[in-house]
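# Observations on the three-dimensional arrangement
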Amino acid sequence: AQRVTQPEKLLSVFKGAPVELKCNYSYSGSPELFWYVQYSRQRLQLLLRHISRESIKGFTADLNKGETSFHLKKPFAQEEDSAMYYCALKWGANTGNQFYFGTGTSLTVIP
Amino acid sequence: GAGVSQSPRYKVAKRGQDVALRCDPISGHVSLFWYQQALGQGPEFLTYFQNEAQLDKSGLPSDRFFAERPEGSVSTLKIQRTQQEDSAVYLCASSRLQGSVGSPLHFGNGTRLTVT
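As a starting point, this report considers the structure included with it. On a predicted model such as this, the values are computed, not experimentally measured, just so you know.

Each pocket or cavity is described by its volume, and for the largest pocket that value is around 640 Å³. Lining the largest pocket are 25 residues, and of these Q38 of chain A together with Q37, V89, N109 and R112 of chain B sit closest to its centre. At the level of secondary structure, the elements contributing two or more residues to the lining of the largest pocket comprise β9 (83-91) of chain A together with β9 (88-95) and β11 (111-115) of chain B. Top contributing element to the lining of the largest pocket by residue count: β11 of chain B, with four residues. Across the lining of the largest pocket, the residue classes break down as ten nonpolar, eleven polar and four charged. Volume-wise, the second largest pocket comes out at about 200 Å³. Contributing elements (two or more residues each) for the lining of the second largest pocket: β1 (3-5) and β10 (98-101) of chain A together with β5 (44-50) of chain B.

Written out as C-alpha coordinates, the structure is:
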(Lines give C-alpha, C1' and ligand atoms only; values in the text may rest on other atoms or scores of the structure.)
Protein backbone atom coordinates (compact mmCIF):
# COMPACT_ATOMS: atom_id res chain seq x y z
CA ALA A 1 0.00 0.00 0.00
CA GLN A 2 1.08 3.55 -0.62
CA ARG A 3 0.89 5.88 2.33
CA VAL A 4 1.99 9.32 3.30
CA THR A 5 2.27 10.32 6.94
CA GLN A 6 2.53 13.83 8.29
CA PRO A 7 2.74 13.38 12.04
CA GLU A 8 2.19 17.01 13.02
CA LYS A 9 -1.26 18.49 12.53
CA LEU A 10 -0.20 21.87 13.90
CA LEU A 11 3.20 23.50 14.08
CA SER A 12 4.05 26.93 15.46
CA VAL A 13 7.43 28.63 15.20
CA PHE A 14 8.66 32.14 15.79
CA LYS A 15 9.65 34.34 12.89
CA GLY A 16 13.31 33.80 12.06
CA ALA A 17 13.43 30.36 13.63
CA PRO A 18 14.13 27.21 11.61
CA VAL A 19 11.18 25.10 10.61
CA GLU A 20 10.88 21.46 9.63
CA LEU A 21 7.66 19.82 8.49
CA LYS A 22 7.89 16.06 8.60
CA CYS A 23 6.74 13.66 5.94
CA ASN A 24 7.25 9.91 5.82
CA TYR A 25 6.08 7.66 3.08
CA SER A 26 5.51 4.00 2.46
CA TYR A 27 5.98 2.83 -1.09
CA SER A 28 7.61 -0.23 -2.56
CA GLY A 29 8.66 1.33 -5.86
CA SER A 30 10.60 4.39 -6.85
CA PRO A 31 8.72 7.36 -5.38
CA GLU A 32 8.07 10.81 -6.69
CA LEU A 33 7.41 13.21 -3.86
CA PHE A 34 5.98 16.68 -3.77
CA TRP A 35 5.11 19.36 -1.27
CA TYR A 36 1.94 21.34 -1.86
CA VAL A 37 0.95 24.47 0.02
CA GLN A 38 -2.40 26.14 0.59
CA TYR A 39 -2.35 29.74 1.74
CA SER A 40 -5.43 31.24 3.33
CA ARG A 41 -8.28 31.51 0.82
CA GLN A 42 -6.12 30.26 -2.04
CA ARG A 43 -6.05 27.04 -3.98
CA LEU A 44 -3.71 24.19 -3.33
CA GLN A 45 -0.50 24.78 -5.25
CA LEU A 46 2.78 23.05 -5.85
CA LEU A 47 5.63 24.19 -3.64
CA LEU A 48 8.40 21.88 -4.74
CA ARG A 49 9.15 18.41 -6.09
CA HIS A 50 12.02 16.17 -5.12
CA ILE A 51 13.33 15.52 -8.62
CA SER A 52 14.00 19.20 -9.17
CA ARG A 53 16.19 19.48 -6.10
CA GLU A 54 15.16 23.10 -5.99
CA SER A 55 14.72 25.70 -3.30
CA ILE A 56 11.44 27.56 -3.46
CA LYS A 57 10.71 30.50 -1.15
CA GLY A 58 13.67 29.34 0.91
CA PHE A 59 12.22 25.85 1.41
CA THR A 60 14.10 22.68 0.56
CA ALA A 61 13.23 19.01 0.89
CA ASP A 62 15.55 16.06 0.52
CA LEU A 63 14.36 12.59 -0.29
CA ASN A 64 15.89 10.12 2.15
CA LYS A 65 15.14 6.66 0.84
CA GLY A 66 16.77 4.96 3.82
CA GLU A 67 14.45 6.71 6.24
CA THR A 68 11.60 6.96 3.69
CA SER A 69 11.28 10.63 4.50
CA PHE A 70 10.83 13.85 2.60
CA HIS A 71 10.92 16.52 5.27
CA LEU A 72 10.40 20.16 4.32
CA LYS A 73 12.84 22.63 5.82
CA LYS A 74 13.46 26.33 5.94
CA PRO A 75 16.26 27.91 7.97
CA PHE A 76 14.46 31.17 8.81
CA ALA A 77 10.66 31.15 8.89
CA GLN A 78 8.73 34.20 7.69
CA GLU A 79 5.18 35.27 8.59
CA GLU A 80 4.07 34.71 5.01
CA ASP A 81 4.98 31.03 5.36
CA SER A 82 1.93 30.50 7.54
CA ALA A 83 -0.19 28.06 5.57
CA MET A 84 -1.32 24.46 5.27
CA TYR A 85 1.34 22.13 3.88
CA TYR A 86 0.66 18.76 2.28
CA CYS A 87 3.16 16.11 1.37
CA ALA A 88 2.19 14.05 -1.68
CA LEU A 89 3.41 10.80 -3.17
CA LYS A 90 2.99 10.05 -6.85
CA TRP A 91 3.10 6.49 -8.09
CA GLY A 92 2.18 4.44 -11.11
CA ALA A 93 3.91 6.68 -13.63
CA ASN A 94 3.91 3.95 -16.25
CA THR A 95 0.42 2.61 -15.69
CA GLY A 96 -1.46 5.71 -14.69
CA ASN A 97 -1.16 8.48 -12.19
CA GLN A 98 -2.05 8.43 -8.55
CA PHE A 99 -1.22 11.10 -6.04
CA TYR A 100 -1.63 10.29 -2.37
CA PHE A 101 -1.69 13.15 0.08
CA GLY A 102 -0.88 13.34 3.74
CA THR A 103 -3.33 14.87 6.18
CA GLY A 104 -1.44 18.13 6.18
CA THR A 105 0.43 20.30 8.67
CA SER A 106 -0.82 23.75 9.55
CA LEU A 107 2.17 26.03 10.03
CA THR A 108 1.83 29.24 11.99
CA VAL A 109 4.74 31.64 12.10
CA ILE A 110 4.49 33.88 15.13
CA PRO A 111 5.73 37.47 14.63
CA GLY B 1 -8.11 29.72 -19.16
CA ALA B 2 -5.09 30.23 -16.99
CA GLY B 3 -5.98 27.66 -14.38
CA VAL B 4 -8.33 24.87 -13.43
CA SER B 5 -11.86 26.18 -13.04
CA GLN B 6 -14.52 24.54 -10.90
CA SER B 7 -18.17 25.38 -10.53
CA PRO B 8 -20.13 25.98 -8.50
CA ARG B 9 -17.87 27.22 -5.68
CA TYR B 10 -20.50 26.36 -3.10
CA LYS B 11 -23.39 23.96 -3.25
CA VAL B 12 -26.00 23.25 -0.62
CA ALA B 13 -28.12 20.19 -1.23
CA LYS B 14 -30.87 18.58 0.74
CA ARG B 15 -30.27 14.97 1.63
CA GLY B 16 -31.42 12.79 -1.23
CA GLN B 17 -30.85 15.35 -3.96
CA ASP B 18 -28.56 14.76 -6.91
CA VAL B 19 -25.70 17.18 -7.56
CA ALA B 20 -23.33 17.77 -10.46
CA LEU B 21 -19.94 19.41 -10.04
CA ARG B 22 -18.06 20.73 -13.01
CA CYS B 23 -14.33 20.94 -13.70
CA ASP B 24 -12.68 22.76 -16.56
CA PRO B 25 -9.01 21.74 -16.66
CA ILE B 26 -6.08 23.64 -18.07
CA SER B 27 -6.22 23.48 -21.84
CA GLY B 28 -4.18 20.61 -23.21
CA HIS B 29 -3.84 18.79 -19.92
CA VAL B 30 -4.20 15.09 -20.51
CA SER B 31 -4.75 13.92 -16.96
CA LEU B 32 -7.65 14.93 -14.74
CA PHE B 33 -8.23 13.96 -11.14
CA TRP B 34 -11.04 14.33 -8.64
CA TYR B 35 -10.33 14.46 -4.93
CA GLN B 36 -12.55 14.70 -1.88
CA GLN B 37 -11.31 16.72 1.06
CA ALA B 38 -13.17 16.41 4.33
CA LEU B 39 -12.66 18.99 7.05
CA GLY B 40 -9.24 18.68 8.61
CA GLN B 41 -8.10 16.00 6.20
CA GLY B 42 -5.88 15.85 3.18
CA PRO B 43 -7.29 15.36 -0.31
CA GLU B 44 -8.50 11.79 -0.85
CA PHE B 45 -8.28 10.37 -4.35
CA LEU B 46 -11.59 9.63 -6.06
CA THR B 47 -10.94 9.02 -9.74
CA TYR B 48 -8.56 9.69 -12.61
CA PHE B 49 -8.99 10.31 -16.34
CA GLN B 50 -6.49 10.21 -19.13
CA ASN B 51 -8.18 12.17 -21.89
CA GLU B 52 -11.72 10.73 -22.00
CA ALA B 53 -10.79 7.36 -20.52
CA GLN B 54 -11.49 6.82 -16.84
CA LEU B 55 -8.46 4.76 -15.89
CA ASP B 56 -9.02 4.53 -12.18
CA LYS B 57 -12.19 4.96 -10.16
CA SER B 58 -11.08 2.98 -7.15
CA GLY B 59 -11.51 5.92 -4.82
CA LEU B 60 -15.19 6.55 -5.50
CA PRO B 61 -16.84 5.78 -2.16
CA SER B 62 -20.04 4.28 -3.52
CA ASP B 63 -22.02 3.69 -6.67
CA ARG B 64 -23.80 6.98 -5.99
CA PHE B 65 -20.67 8.71 -7.28
CA PHE B 66 -20.12 8.93 -10.99
CA ALA B 67 -17.63 10.91 -13.06
CA GLU B 68 -17.30 11.50 -16.75
CA ARG B 69 -15.12 13.38 -19.21
CA PRO B 70 -16.75 12.61 -22.54
CA GLU B 71 -14.62 14.77 -24.81
CA GLY B 72 -11.40 14.61 -22.87
CA SER B 73 -11.69 18.13 -21.55
CA VAL B 74 -14.44 19.23 -19.14
CA SER B 75 -15.33 16.72 -16.45
CA THR B 76 -18.42 16.33 -14.29
CA LEU B 77 -18.62 14.59 -10.95
CA LYS B 78 -22.16 13.53 -10.15
CA ILE B 79 -23.39 12.44 -6.76
CA GLN B 80 -26.79 10.83 -6.60
CA ARG B 81 -29.03 10.76 -3.55
CA THR B 82 -26.62 12.84 -1.50
CA GLN B 83 -25.97 11.93 2.12
CA GLN B 84 -24.63 14.06 4.93
CA GLU B 85 -21.32 12.22 4.83
CA ASP B 86 -20.83 13.52 1.29
CA SER B 87 -20.31 17.02 2.70
CA ALA B 88 -16.76 17.98 1.75
CA VAL B 89 -14.72 20.07 -0.63
CA TYR B 90 -14.40 18.39 -4.00
CA LEU B 91 -11.16 19.25 -5.72
CA CYS B 92 -10.36 18.85 -9.37
CA ALA B 93 -6.78 18.81 -10.61
CA SER B 94 -5.17 18.41 -14.00
CA SER B 95 -1.72 17.42 -15.12
CA ARG B 96 0.08 18.08 -18.35
CA LEU B 97 1.47 14.71 -19.32
CA GLN B 98 0.44 11.22 -18.39
CA GLY B 99 3.13 9.41 -16.49
CA SER B 100 5.80 12.02 -16.97
CA VAL B 101 8.31 12.29 -14.20
CA GLY B 102 7.84 15.38 -12.11
CA SER B 103 4.61 16.47 -13.76
CA PRO B 104 2.67 18.05 -10.90
CA LEU B 105 -1.02 18.55 -10.29
CA HIS B 106 -2.68 21.92 -10.84
CA PHE B 107 -5.71 22.34 -8.62
CA GLY B 108 -8.95 24.22 -8.93
CA ASN B 109 -10.47 26.17 -6.05
CA GLY B 110 -12.81 23.33 -5.27
CA THR B 111 -16.54 23.02 -4.75
CA ARG B 112 -17.69 23.04 -1.16
CA LEU B 113 -20.68 20.72 -0.90
CA THR B 114 -22.90 20.88 2.15
CA VAL B 115 -25.64 18.31 2.49
CA THR B 116 -28.35 19.27 4.97
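Text resumes after the structure shown.
Looking along the chain, the bond that leaves S7 of chain B and enters P8 of chain B is cis, with omega of -10 degrees. In this structure, P8 of chain B sits in the loop between β1 (5-7) and β2 (10-13). Positive phi outside glycine occurs at K57 of chain A, with the angle close to 55 degrees. Relative to the helices and strands, K57 of chain A is located in the loop between β6 (45-49) and β7 (60-61). Judged by its relative accessible area of 48%, K57 of chain A falls in the partly exposed class.

Glancing now at the sheet that holds β1 of chain B. Residue and element names in this part refer to chain B. As summarised here, the arrangement of the four strands in space is β1-β3-β8-β7, forming an open sheet in which the pairing is antiparallel. Each edge of the sheet is formed by a strand with only one pairing partner; in this case those strands are β1 and β7 (65-68). Between one strand and the next, the sheet's axes are offset by a mean angle of 15 degrees, whatever the strand orientation. Pairing analysis gives three bridges linking β1 to strand β3 (residues 19-24), with the strands arranged antiparallel. Bridged to S7 within β3 is R22.

W35, L72 and Y85 of chain A are the most contacted members of the largest nonpolar core, which has 25 residues in total. The leading source of residues in this core is β9 of chain A, at four residues. The residues contacting L72 of chain A, other than those within four sequence positions of it, are V19, E20, L21, W35, L47, L48, F59, T60, A61 and Y85 of chain A. Listed in part, the 20 residues of the second largest apolar core include C23, L32, W34 and C92 of chain B.

Turning next to the packing of aromatic side chains. Inspection of the entire model under this criterion finds 13 aromatic pairs over all chains. Judged by centre distance (5.4 Å) and plane angle (50 degrees), the rings of F34 of chain A and F99 of chain A are tilted. Of the two residues, F34 of chain A is situated in strand β5 (residues 32-38) and F99 of chain A in strand β10; the sequence distance between them amounts to 65 residues. One exposure class covers both F34 of chain A and F99 of chain A, and it is buried. The interplanar angle of 85 degrees and the centroid separation of 5.7 Å between the aromatic rings of Y36 of chain A and F107 of chain B together place this pair among those described as edge-to-face. Here the residue Y36 of chain A occupies a position in strand β5, and F107 of chain B occupies one in strand β10 (residues 106-107), the pair thus bridging two chains. Y36 of chain A gets classed as buried once you look at its relative accessible area, which sits at 0%. Owing to a relative accessible area of 3%, F107 of chain B belongs among the buried residues under this scheme.

Calculation rules
Residues numbered from 1 in each chain as written. Chains lettered and ligands numbered in written order. Predicted model: local features only at pLDDT ≥ 70, side-chain atom pairs only at ≥ 80, totals over all residues. Heavy atoms only, no water. 1 Å grid on protein atoms, 1.4 Å probe; cavity = no way out; pocket = protein on both sides within 12 Å on 5 of 7 lines; lining within 4 Å. Points joined across faces, edges and corners; volume = space filled by probe spheres on them. Helix = DSSP H or I, 4+ residues; strand = E, 2+ residues; numbered from the N terminus. Nonpolar A, V, L, I, M, F, W, Y, C, P; charged D, E, K, R; others polar. Buried < 20%, exposed > 50% of the residue type's maximum accessible area, 1.4 Å probe, protein only. Pairing = 2+ DSSP bridges. Axes fitted to C-alpha atoms, helices over the stretch in contact; angles between N-to-C directions. Core = buried A, V, L, I, M, F, W, Y, C linked by side-chain atoms within 4.5 Å. Contact = heavy atoms within 4.5 Å. Phe/Tyr/Trp six-rings, centres within 6.5 Å; stacked < 30°, edge-to-face > 60°.

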